[in-house]
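# A structural walkthrough
Each chain is listed here by its residues.
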Amino acid sequence: MKPSTGPAGSSFTISWNGFPACRAINFFWAGTLLGTKVAPAVSGQFPTAAPADAKPGSYTVTATCTSQKQTAGGTFVVTGTPTTTPPPPVTTTPPPPVTTRPARPGTTTTPATPTTTPPPATSTPPTTTPPVTPGVPTTSSTAPKPGELVLDRPSIKPGETLSASGKGCRPSRMVTLMSGGNEVGTAYTDSTGSFTAPVEFTRIEAGQHTVVAECGVRLTGAVDQVVTRSSGGQTSTLVILVFFVLASVTVIRFR
């Protein structure tokens, strides 16, 4: 066997000679089968390993040819697992204490004053608020509460768009928007009972208009309709134009 010693689980090779007529050679480790070599040869080699659970000590390894009733053996010594001794702990010697001698009488030590550099001043540009143009309605993005109808503008002029949003209706229901007895819009509620619909007035009439949404419940909102009047400049121009036409007709008649 080569090698003939080693720790448990280590590999070694069994070599034999003198089994000329054997068809199979069985190899045993202390009576336990290690393996079989099928090769009719006078000599040969069989690689194997010591059992991993083998204890330190000497073990008999045999090779047996059953057909010829021949047996040969050897000894393999299992060595112990080397013990690793941990290194000794490192001893750290603390540095010697620093002895501060007291100052001589009459000597005053002034500590250094740290110099603080102020951060550079940054000027923040003033916030400019855009002026509010009088007479221009502002839009509202407030979401309606349950049972409430919200119009996106407080006032509109003829031709401007208006949208109504409501909440608290029955789900998947048609909503009819009415104002002054006239239908001004329709929509369908979603699964939460909310809706949004455009509003179109059929009449142009200055003043406040109440919008009522019928959706199983009644939701109301109000909007001011602003109608601008033309100035008297066009009327004066029309009167002057008529005067000149009449004067021309009079001159033609008297010619």
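Residues numbered from 1 in each chain as written. Predicted model: local features only at pLDDT ≥ 70, side-chain atom pairs only at ≥ 80, totals over all residues. Heavy atoms only, no water.

Quick look at the overall build of the protein chain now. Counting its secondary structure elements, the protein chain contains one helix and 15 strands. For the protein chain, buried positions account for 22% of its 255 residues. The long-range share in the protein chain, meaning contacts at least 24 apart out of those at least 6 apart in sequence, stands at 48%. About 19000 Å² of surface is accessible on the protein chain, with carbon and sulfur atoms providing 58% of the total. (Helix = DSSP H or I, 4+ residues; strand = E, 2+ residues; numbered from the N terminus. Buried < 20%, exposed > 50% of the residue type's maximum accessible area, 1.4 Å probe, protein only. Contact = heavy atoms within 4.5 Å. Areas by Shrake-Rupley, 256 points an atom, 1.4 Å probe, with all protein chains shown as cover.)

Soluble, globular proteins show a tendency: their nonpolar side chains are buried together. Ranked by internal contacts, the top residues of the largest apolar core, which has 19 residues, are Leu177, Phe195 and Phe201. At the level of secondary structure, the elements contributing two or more residues to this core comprise strand E8 (148-151), strand E10 (162-167), strand E11 (174-179), strand E12 (182-188), strand E13 (194-199), strand E14 (207-214) and strand E15 (218-225). Per-element accounting of this core gives the leading share, three residues, to E13. Not counting residues within four places of it along the chain, the set of residues in contact with leucine 177 comprises Ala164, Asn182, Glu183, Val184, Gly185, Phe195, Ala197, Pro198, Val199, Val211, Val212 and Ala213. Formed by 17 residues, the second largest nonpolar core is a distinct cluster that contains Phe12, Ile25, Ala50 and Phe76. (Core = buried A, V, L, I, M, F, W, Y, C linked by side-chain atoms within 4.5 Å.)

Next up on the list: the environment of threonine 64. Structurally, the position occupied by threonine 64 is in strand E6 (residues 57-65). A C-alpha to C-alpha distance of 9.6 Å links threonine 64 and threonine 36, two positions 28 residues apart in sequence. Not counting residues up to four positions away in its chain, the partners in contact with threonine 64 are Ala24, Ile25, Asn26, Phe28, Gln70 and Thr71.

Here we take up the sheet that holds E13. On the basis of which strands lie adjacent, the open sheet formed by three strands has the order E8-E10-E13 and antiparallel pairing. On the outer flanks of this sheet lie E8 and E13, each paired with one strand and no other. Direction aside, the axes of adjacent strands within the sheet are offset by 20° on average. Relative to E13, E10 runs antiparallel, the two being bridged by six bridges. Bridge pairing in E13 places lysine 167 opposite serine 194. (Pairing = 2+ DSSP bridges. Axes fitted to C-alpha atoms, helices over the stretch in contact; angles between N-to-C directions.)

On to the packing of aromatic side chains. Two aromatic rings, taken as a pair, are described by how far apart their centres are and by the angle between their planes. Scanning all chains against the criterion turns up five aromatic pairs. Centre to centre, the rings of phenylalanine 12 and tryptophan 29 are 6.2 Å apart; their planes meet at 45°, and the pair counts as tilted. Within this pair, whereas phenylalanine 12 is found in strand E2 (residues 11-17), its partner tryptophan 29 is found in strand E3 (residues 25-29), the two being separated by 17 residues in sequence. For tryptophan 29, a relative accessible area of 5% gives the class buried. One aromatic cluster is present, formed by Phe12, Trp29, Tyr59 and Phe76 through successive ring pairs. (Phe/Tyr/Trp six-rings, centres within 6.5 Å; stacked < 30°, edge-to-face > 60°.)

With that out of the way, let us pick up the confidence of the model for the protein chain. On average, residues of the protein chain score 76 in pLDDT, and 67% of them reach the 70 mark or higher. Ranking the elements of the protein chain by mean pLDDT puts helix H1 (residues 233-254) last with 46 and strand E1 (residues 5-6) first with 93. Residue range residues 230-245 is modelled with pLDDT below 50. Its contacts to residues more than four positions away, or to other chains, number zero contacts. Contacts of residues 249-255 to residues separated by more than four positions or lying in other chains number zero contacts, the stretch itself having pLDDT below 50. (pLDDT = per-residue confidence, 0-100.)

Quick look at the pattern of salt bridges now. Under the definition given, this model contains one salt bridge. Here glutamate 214 ties to arginine 218 by a salt bridge, and the two come within 2.3 Å at their closest N and O atoms. Glutamate 214 sits in the partly exposed class, given a relative accessible area of 31%. In this structure arginine 218 comes out as exposed when scored by relative accessible area, which is 58%. (Salt bridge = Lys/Arg side-chain N within 4 Å of Asp/Glu carboxyl O.)

Moving on to the side chain of threonine 48. Among the secondary structure elements, threonine 48 is positioned in strand E5 (residues 43-49). Those residues in contact with threonine 48 that sit more than four places away from it in its chain are Ser11, Phe12, Ile14 and Leu34.

Relative to strand E4 (residues 32-37), E3 runs antiparallel, the two being bridged by five bridges. Paired with phenylalanine 28 across the bridge in E4 is leucine 33. Here E3 hands over to E4 after two residues, with alanine 30 in that stretch at a positive phi of 50°.

Here we take up the sheet that holds strand E9 (residues 155-156). The pairing of strands in a sheet comes from backbone hydrogen bonds and takes either a parallel or an antiparallel form. The sheet built from five strands is open, its strands ordered E9-E15-E14-E11-E12 with mixed pairing. Unpaired on one side and paired on the other, E9 and E12 mark the two borders of the sheet. Where E11 and E14 come together, three bridges link them in antiparallel fashion. In the strand pairing of E14, leucine 177 is matched with alanine 213.

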